[in-house]
Amino acid sequence: MAERNATQIWTMRALYAVICSAVIMFHLLPLGQIGWITFSPDIILCLTLAWVVRRPEYAPILLIAAVALLADLLLMRVPGLWTALVLLLADRVGRQRHRMRSTGFGVEWFRVSVGIAMLFILEHLALNLLFVDRPPLPASVLQLSATLIVYPVVVAVSAGVFRVRKPALIETSPSGRRA
Amino acid sequence: MAQDRTNSEEYFLPIRRLLIGILVFCLILLTIVWRIDSPRVERFRMAVIDRVVPNMEWAMAPVTATMNIIRDAQSYARIYEQNQELRRELQQMKAWKEAALQLELKNARLLDLNNVRLDADLTYVTGVVLTDSGSPFRKSVLLNIGERDGLRDGLAAMDGIGLVGRISGLGQQTSRVLLLTDANSRLPITIQPSGQTAILFGDNSPTPLIDFLEKPELVRPGDRVVTSGDGGVFPADLLVGQLIESRDGRYHVRLAADFERLAFLRVLRGVPKEDINDQGDIIIFDETVGPDG
């Protein structure tokens, strides 16, 4: 039982890495001016938070950091800033997940939305502090809204397709402790 | 709370907090280093892209092909008109081809007469566009030719017809081309036939803005816009596009190159220019001459 769980964990971690790489690749496709519309949602962020709330062992922090840093470098963003913010939010959401276990999805969506909004605001502030050229504010707000709307979709797909669901109350984690 | 302690998984031990603290600190440090010494971090970014992206190419190819098919499907609706349009254009092209051949012949004879050597500035390397920039606010593309093909930062890139951008970022086997439409792109131009110089500012739209035009009354929409070669940054007389006037009276350029379908780009090789790496010392120290002269 323990062995199957260990293989399963590493498979899911690999799956997380593959999905995030696929998302990055879609952003890089050479489609000319059409490319990706201005307010494309941040799917990697949604995926990370959805998995951290449900099964944090499938998205360990080193893997999150590696994927987010790769995304930062490949997608021509300011390297390191978004990754640091994502790590902090993922940790905070992960620690709060016990409180979200018994309440419905609505509360989870609300808490995650507040977290993501804080992320966007902090990023905007930091970029202003560093005097970096920013895309205009309405575009960022649109991107934030798109990300929040996409979050339930990502959760549904994770639960349905990838079977990343909250562990039942009697389930144990791989080392035998109560989850 | 005691309850939380017994229930929490091993994944949330204090060591995790420490690890996250260290990671966040290193990442913020990376951001500050990027702000202070941008070229070094950008070179690191290009090195990462250089290693990662060519490996992704095989995976992106089928998706790119599918997307192109979907985009072409939209034009299938107008197939008949397109056919007529293309036939007309083909007739015109045939006439131009004849004229070009005659001129080429004449040119070769005259050059031969004068024993002229063509400038190395006019040779080029051709590369394939691998990816877009990945962000809707940074207009750039990645080419599959890099330092090992003899490229350097700042070289001009054209597609078959007009200027597309400049090389800004080099890896061993890839390089990044900053497009004319990017917000950071500035290009010195000349407007024919009045011969006025101006600057072309990219502004993230398909038609970049013209500014610093001294006598706007001398230019008309439809005028040819070419590079001026000012500052020795780009070769002169490369076709950029046509002048157009927007509704609020400002002048833009409709670019001659087809930015929707960038597939093959030519990078114009130039003569190596001096690299200015230091601050510009006031006292020039001649190392070959000792203190005694």
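Moving on: the overall build of chain B. Assigned secondary structure in chain B consists of 4 helices and 12 strands. The contacts of chain B with a sequence gap of at least 6 include a subset with a gap of at least 24, amounting to 56%. Looking at chain B as shown, the accessible area adds up to about 19,200 Å², and 56% of this sits on carbon and sulfur atoms.

Next up on the list: the pairing of strand β7 (residues 196-201) of chain B. Residue and element names in this part refer to chain B. Bridge analysis of strand β6 (residues 186-191) against β7 gives 6 bridges, and the strand direction is antiparallel. Residue pairing in the sheet places R186 in a bridge with F201 of β7. Hairpin remark: β6 followed by β7, antiparallel, with 4 residues in the connecting loop; positive phi at G195, about 75 degrees. With 3 bridges joining them, β7 and strand β8 (residues 209-211) adopt antiparallel strand pairing. Of the residues in β8, the one forming a bridge with F201 is L209.

To continue, consider the interface of chain B and chain A. Opposite the 50 residues of chain B that make contact, chain A presents 53 residues. The interface formed by chain B and chain A contains 1 salt bridge. Of the charged contacts in the structure, one is a salt bridge between D91(A) and R16(B), with a shortest N-O distance of 3.3 Å. Taken together, the connections running from chain B to chain A amount to 10 residue pairs in polar contact (both at pLDDT 80 or more). Of all the secondary structure elements, the ones that give two or more residues to the side of chain B that touches chain A are α2 (14-36), α3 (38-76) and β1 (124-132) of chain B. With 14 residues, α3(B) is the largest single contributor of residues to the side of chain B that touches chain A.

All names here are of chain B. Across its 36 residues, helix α4 (residues 79-114) extends 50 Å between first and last C-alpha, which sits within 8% of the 52 Å expected from 1.5 Å per residue. Counting buried residues along α4, only 0 of its 36 residues qualify, which leaves the element largely exposed. In the stretch just after α4, N115 is the one whose phi turns positive, near 55 degrees.

Here we come to the pairing of strand β12 (residues 264-268) of chain B. Residues and elements named next belong to chain B. Note that β1 and β12 share 5 bridges and pair antiparallel. Within β12, the residue paired with Y124 across the bridge is L268. Sheet topology note: the strand β3 (residues 156-158)/β12 ladder contains 3 bridges and is antiparallel. Each residue of the ladder has a partner; that of M158, found in β12, is R266.

Turning our attention to the side chain of S185(B). Tracing the backbone through its elements, the reader meets S185(B) in the loop between β5 (175-179) and β6. Non-local contacts of S185(B), meaning those with residues more than four positions away in its chain, are made with L178(B), L179(B), L180(B), L200(B), F201(B) and G202(B).

What follows is about the nonpolar core. Ranked by internal contacts, the top residues of the largest apolar core, which has 60 residues, are L49(A), W51(A), I64(A), L87(A), I116(A) and Y151(A). At the level of secondary structure, the elements contributing two or more residues to this core comprise α1 (2-28), α2 (43-54), α3 (61-74), α4 (81-95), α6 (105-129) and α7 (137-160) of chain A together with α2 and α3 of chain B. When sequence neighbours within four positions are dropped, the list of residues in contact with W51(A) reads M12(A), L15(A), Y16(A), I19(A), P56(A), Y58(A), S158(A), F162(A) and V164(A). One finds V129(B), L155(B), Y251(B) and L265(B) within the second-largest nonpolar core, a separate group that totals 39 residues.

This part takes up empty space enclosed by the protein. Enumeration over the complete set of coordinates arrives at 4 cavities of 30 Å³ or more. Contributing to the lining of the largest cavity are 28 residues, with R77(A), E123(A), R134(A), Q143(A) and S135(B) lying nearest its centre. Elements with a minimum of two residues in the lining of the largest cavity: α1, α2, α4, α6 and α7 of chain A. If you tally residues by element for the lining of the largest cavity, the top one is α6(A), at 3 residues. There is about 70 Å³ of room inside the second largest cavity.

This paragraph deals with the sheet that holds β12(B). Residues and elements named next belong to chain B. Taking strand neighbours around the barrel as the criterion, the 6 strands line up as β1-β2-β5-β4-β3-β12 in a closed arrangement whose pairing is antiparallel. Each neighbouring strand pair of the sheet contributes to a mean axis angle of 45 degrees, computed without reference to strand direction. Of the strands in this sheet, β1, β2 (140-143), β4 (163-170) and β5 are in contact with α3, which crosses β1 at around 75 degrees.

Residues and elements named next belong to chain B. Compared with an ideal rise of 1.5 Å per residue, which puts 39 residues at 57 Å, α3 spans 46 Å between its outermost C-alpha atoms and falls more than 12% short. The sharpest bend along α3 comes to roughly 50 degrees, located at W58, with the proline P62 sitting one to four residues further on. Within α3, burial applies to V41, R45, M46, V48, I49, D50, V53, M56, A59, M60, T64 and R71.

Time to look at the state of the cysteines. By definition, a disulfide links the sulfur atoms of two cysteines through a covalent bond. Tallied over the full model, the rule gives 0 disulfides over all chains. Sulfur of C46(A): no disulfide; nearest cysteine sulfur belongs to C20(A) and is 11 Å away.

This part takes up the packing of aromatic side chains. Residue and element names in this part refer to chain A. Within this structure, the stated rule accounts for 6 aromatic pairs over all chains. Consider the rings of F105 and Y151, whose centres lie 6.2 Å apart with planes at 10 degrees: the pair is stacked. Of this pair, F105 sits in helix α6 while Y151 is found in helix α7, placing the two residues 46 residues apart along the sequence. Residue class for F105 comes out partly exposed when judged on its relative accessible area of 30%.

Residue and element names in this part refer to chain A. Note on placement: R13 falls in helix α1. The buried charged residue R13 lacks any salt bridge partner; its closest oppositely charged side chain belongs to E57, at an N-O distance of 7.3 Å. Separated by 2.9 Å, the side chain of R13 and the backbone oxygen of E57 make a polar contact.

Residue and element names in this part refer to chain B. In this model, chain B carries a mean pLDDT of 83, and residues with pLDDT of at least 70 account for 86%. Segment residues 1-8 is flagged for pLDDT under 50; beyond a separation of four residues in sequence, or across chains, it makes 5 contacts in the model. Overall fold confidence for the complex sits at a pTM of 0.77, while the interface term, ipTM, reaches 0.85.

About the criteria used
Residues numbered from 1 in each chain as written. Chains lettered and ligands numbered in written order. Predicted model: local features only at pLDDT ≥ 70, side-chain atom pairs only at ≥ 80, totals over all residues. Heavy atoms only, no water. Helix = DSSP H or I, 4+ residues; strand = E, 2+ residues; numbered from the N terminus. Contact = heavy atoms within 4.5 Å. Areas by Shrake-Rupley, 256 points an atom, 1.4 Å probe, with all protein chains shown as cover. Pairing = 2+ DSSP bridges. Salt bridge = Lys/Arg side-chain N within 4 Å of Asp/Glu carboxyl O. Polar contact = N/O pair within 3.5 Å; in protein donor to acceptor, adjacent residues only side chain to side chain. Expected span 1.5 Å × (residues − 1). Buried < 20%, exposed > 50% of the residue type's maximum accessible area, 1.4 Å probe, protein only. Core = buried A, V, L, I, M, F, W, Y, C linked by side-chain atoms within 4.5 Å. 1 Å grid on protein atoms, 1.4 Å probe; cavity = no way out; pocket = protein on both sides within 12 Å on 5 of 7 lines; lining within 4 Å. Points joined across faces, edges and corners; volume = space filled by probe spheres on them. Axes fitted to C-alpha atoms, helices over the stretch in contact; angles between N-to-C directions. Bend = angle between axes of the 7 residues up to and from the residue. Disulfide = S-S within 2.5 Å. Phe/Tyr/Trp six-rings, centres within 6.5 Å; stacked < 30°, edge-to-face > 60°. Lys, Arg positive; Asp, Glu negative; His and termini not counted. pLDDT = per-residue confidence, 0-100.

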